[in-house]
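Read off the chains here:
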Amino acid sequence: MESDNQKEKKNRIEIFKYNAILSILFFLGSAFYLSSKIPNFSFSQFTISQMSYFLNPNQLSFFNLLFIIKSFLDLSFTFYVFQHFKLPVYSPTAIFWLIAVLSFGLLGFFPSNQFYYIHLAIVYILFFFWTLSEFLFARLTKNEDFKFLTNNLLLVQLATIFLFISTNNFNGVFEITYMFIIFFWLMIFIGRYLK
């Protein structure tokens, strides 16, 4: 039976449980808002990061901050998941997840309009480690149905990446599609396996 101290600690970190979902909604909502302030901006022509080319200095500061805030929200969710699964920080699953989460925050320090190649390298690292993390977290649940679903969603994500890159159409539509697939995966992961 859990001690009062353990229950209190569990209740305190419970507030972080939905932060990964909130972070996606916050980031996309803010990106849509900022894009509406840019004349003739289209997610089918530009990536979300490429908004940095069109923003004034104040808007750009806010835009860069979005990446950092999303990363912070994801980091607090990470803390919850590590506690839930009693996952050591030095385990491969934890390290890969942390690299993915912190990479997103780094994008705020390296906007594409100033550090294009660094930004692009971070994006590749982010996609690789986030995709790998989904696979590893599915294994943690020890649920064959969820592992099967995750593997299929990963195939959809990889096919989407291949489609957009092979057609030289890497844009905001791709990024939003990718984020919604992650959102769907997170809803199931949190709803069923983080109780």
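Read on for an overview of the structure.

Calculation notes
Residues numbered from 1 in each chain as written. Predicted model: local features only at pLDDT ≥ 70, side-chain atom pairs only at ≥ 80, totals over all residues. Heavy atoms only, no water. Helix = DSSP H or I, 4+ residues; strand = E, 2+ residues; numbered from the N terminus. Phe/Tyr/Trp six-rings, centres within 6.5 Å; stacked < 30°, edge-to-face > 60°. Buried < 20%, exposed > 50% of the residue type's maximum accessible area, 1.4 Å probe, protein only. Lys NZ or Arg CZ within 6 Å of the ring centre and 35° of its normal. Axes fitted to C-alpha atoms, helices over the stretch in contact; angles between N-to-C directions. Parallel < 35°, antiparallel > 145°, perpendicular 65-115°, else oblique. Contact = heavy atoms within 4.5 Å. Nonpolar A, V, L, I, M, F, W, Y, C, P; charged D, E, K, R; others polar. Expected span 1.5 Å × (residues − 1). 1 Å grid on protein atoms, 1.4 Å probe; cavity = no way out; pocket = protein on both sides within 12 Å on 5 of 7 lines; lining within 4 Å. Points joined across faces, edges and corners; volume = space filled by probe spheres on them.

Considerations on unusual backbone geometry
Here is step 1 of the chain: With phi around 50°, Lys86 is a residue other than glycine that occupies positive phi space.
Here is step 2 of the chain: Inspection of the secondary structure assignment puts Lys86 in the loop between α3 (57-85) and α4 (92-107).
Here is step 3 of the chain: With a phi angle near 60°, Lys142 is a residue other than glycine that sits in the positive phi range.

With respect to the packing of aromatic side chains
Here is step 1 of the chain: What the rule picks out here adds up to 27 aromatic pairs.
Here is step 2 of the chain: With a centroid separation of 4.4 Å and an interplanar angle of 90°, the aromatic rings of Trp97 and Phe137 are classed as edge-to-face. Residue Trp97 is found in helix α4, and its partner Phe137 is found in helix α5 (residues 116-141); the two are separated by 40 residues along the sequence.
Here is step 3 of the chain: For Trp97, a relative accessible area of 1% gives the class buried.
Here is step 4 of the chain: Of the residues examined, Phe137 reaches a relative accessible area of 0% and is grouped as buried.
Here is step 5 of the chain: Ring centres 5.0 Å apart and planes at 10° place the aromatic pair Trp185 and Phe189 in the stacked group. Of this pair, Trp185 and Phe189 both sit in helix α7 (residues 172-193), 4 residues apart, which is roughly one turn of the helix. The same class applies to Trp185 and to Phe189, which are both buried.
Here is step 6 of the chain: Through a chain of ring-to-ring contacts, three or more aromatic side chains come together here, namely Phe77, Phe85, Trp97, Trp130, Phe137, Phe146, Trp185, Phe189 and Tyr193.
Here is step 7 of the chain: Cation over ring: Lys70 sits above Phe104, and NZ or CZ is 4.7 Å from the ring centre.

Description of the packing of α5 against helix α6 (residues 144-166)
To describe two helices that pack against each other, one gives the angle between their axes and the distance between the axes.
Here is step 1 of the chain: At a closest axis distance of 9 Å, the pairing of α5 and α6 adopts a crossing angle of 170°. It follows from the interaxial angle that α5 and α6 lie roughly antiparallel. Together, Thr131, Glu134, Phe135, Ala138, Arg139 and Thr141 of α5 and Phe146, Lys147, Thr150, Asn151, Leu154, Gln157 and Leu158 of α6 make up the contact between the two elements.
Here is step 2 of the chain: Within the contact of α5 with α6, the residues separate by chemical class into 5 nonpolar, 5 polar and 3 charged.

With respect to the environment of Ile122
Here is step 1 of the chain: Tracing the chain through its elements places Ile122 in helix α5.
Here is step 2 of the chain: The spatial distance from the C-alpha of Ile122 to the C-alpha of Ser103 is 6.1 Å, given a sequence separation of 19 residues.
Here is step 3 of the chain: If we ignore the near neighbours within four places in the chain, the residues touching Ile122 are Ser103, Leu106, Leu107 and Phe110.

What about the side chain of His119?
Here is step 1 of the chain: With respect to the helices and strands, the residue His119 is situated in helix α5.
Here is step 2 of the chain: The exposure class assigned to His119 is buried, which follows from its relative accessible area of 6%.
Here is step 3 of the chain: The contacts of His119, once residues within four sequence positions are left out, are Ser49, Leu107, Phe110, Pro111 and Ser112.

Focus on α4
Helical geometry note: an α-helix holds 3.6 residues per turn, so side chains three or four residues apart project in the same direction.
Here is step 1 of the chain: Across its 16 residues, α4 extends 23 Å between first and last C-alpha, which sits within 8% of the 22 Å expected from 1.5 Å per residue.
Here is step 2 of the chain: Those residues of α4 hidden inside the fold are in contact with α2 (19-36), α3, α5 and α7.

Here we look at empty space enclosed by the protein
Here is step 1 of the chain: Overall, the coordinates contain 1 cavity of 30 Å³ or more when judged by the stated rule.
Here is step 2 of the chain: Reported here for the largest cavity is a volume of approximately 260 Å³.
Here is step 3 of the chain: Lining the largest cavity are 17 residues, and of these Phe104, Leu126, Phe127, Tyr178 and Met179 sit closest to its centre.
Here is step 4 of the chain: When residues of the lining of the largest cavity are traced back to their parent elements, those giving at least two are α2, α3, α4, α5 and α7.
Here is step 5 of the chain: Among the residues making up the lining of the largest cavity, the classes are represented as 14 nonpolar, 1 polar and 2 charged.

Points about the environment of Gln50
Here is step 1 of the chain: Within the element layout of this structure, Gln50 appears in the loop between α2 and α3.
Here is step 2 of the chain: Look at Gln50 and you get partly exposed, because its relative accessible area is 22%.
Here is step 3 of the chain: Sequence spacing of Gln50 and Tyr193 is 143 residues, and the spatial spacing of their C-alpha atoms is 36 Å.
Here is step 4 of the chain: Each residue touching Gln50, except ones within four places of it in the same chain, is listed here: Gln45 and Ser112.

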